[in-house]
Amino acid sequence: VLDSVDITFLVEDRSKRSESVNMYMTGRMGREYVVVTDTLLDRLTPDEVAAVFAHELGHKITRPVTIPLNMAIGFCKMLLIFYLVHLLHRRRAIAETSRLQALMHILLSIQIVSQLVSPFSHAIYRYQERTSDAYSLELTQDPQALRGALVKVAAANLEPWEVPGWVYYTNASHPLLRDRVRMADTFAPSSD
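An account of the accompanying structure is given in this report.

Calculation criteria
- Residues numbered from 1 in each chain as written.
- Predicted model: local features only at pLDDT ≥ 70, side-chain atom pairs only at ≥ 80, totals over all residues.
- Heavy atoms only, no water.
- Axes fitted to C-alpha atoms, helices over the stretch in contact; angles between N-to-C directions.
- Helix = DSSP H or I, 4+ residues; strand = E, 2+ residues; numbered from the N terminus.
- Parallel < 35°, antiparallel > 145°, perpendicular 65-115°, else oblique.
- Left-handed = near helix turned anticlockwise from the far one by under 90°.
- Contact = heavy atoms within 4.5 Å.
- Buried < 20%, exposed > 50% of the residue type's maximum accessible area, 1.4 Å probe, protein only.
- Patch = residues over 30% accessible without salt bridge, like charges linked within 9 Å, V, L, I, M, F, W, Y side chains within 5 Å.
- Areas by Shrake-Rupley, 256 points an atom, 1.4 Å probe, with all protein chains shown as cover.
- Salt bridge = Lys/Arg side-chain N within 4 Å of Asp/Glu carboxyl O.
- Polar contact = N/O pair within 3.5 Å; in protein donor to acceptor, adjacent residues only side chain to side chain.

**Observations concerning the packing of helix α4 (residues 143–156) against helix α6 (residues 177–186)**
Item 1. In contact at an axis separation of 8 Å, α4 and α6 are set at 165 degrees when each is read in the N-to-C sense. Viewed along their axes, α4 and α6 adopt a mutual orientation that is roughly antiparallel. Handedness of the crossing formed by α4 with α6: left-handed. Residues P143, Q144, R147, L150, V151 and A154 of α4 form the contact with α6, whose participating residues are L177, R180, V181, A184 and D185.

Here's what the structure looks like:
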């Protein structure tokens, strides 16, 4: 399967400034590339690196679905900000003398709308991560490699196993580590 994947890899020399580990996909759709830190390559076994890479390939699969959703949320967010500024500015045009007040209304509106919309955005990110974890498990058929990678990455990056519910729903871009490990532990490899 991996022989047919046409993707560029870049290795980031992170070990000189940090102990954190990461692998991520970036770039435009159709021109993605994967960045992997040297610290991840040093700390994970080859099977664990393969599981993380398969996870990143899962992001490539989900991008055509999630990018339009994120764009729609961004558009709605922009409309809500304009509407809130309009309400805060008492439905008047912005006068030359009230530019500072208008700026304050804009900044306040951005903050309010961002907080209101963040649970929806983060739900999409968590969906991407869960789907990518499932893709990694299906592609590698090695739940122990994904589990090991998740635990090692979390330890290196000081990620908690759990967070309070309100933090999870408003700020968490990834599913809880406990749930991701449980998914790997309950995965039954196919007998093909």
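Next comes the rest of the description.
**Quick word on unusual backbone geometry**
Item 1. Positive phi, close to 55 degrees, is recorded for Q141, a residue that is not glycine.
Item 2. With respect to the helices, strands and loops of the structure, Q141 is situated in the loop between α3 (99–140) and α4.
Item 3. Q141 gets classed as partly exposed once you look at its relative accessible area, which sits at 25%.
Item 4. Unusually for a residue other than glycine, L158 sits at a positive phi of about 55 degrees.
Item 5. The exposure class assigned to L158 is exposed, which follows from its relative accessible area of 76%.

**Description of a nonpolar patch on the surface**
Item 1. On the surface, L100, L103, M104, I106, L107 and I110 cluster together into a nonpolar patch covering about 540 Å² of accessible area.
Item 2. Look at L103 and you get partly exposed, because its relative accessible area is 42%.

**Digging into the side chain of E12**
Item 1. Residue position: E12 is located in strand β1 (residues 8–12).
Item 2. A polar atom in the side chain of E12 sits 2.7 Å from the side chain of R17.
Item 3. Discounting chain neighbours no more than four positions away, the residues touching E12 are R17, Y24, V35, V36, T37 and D38.

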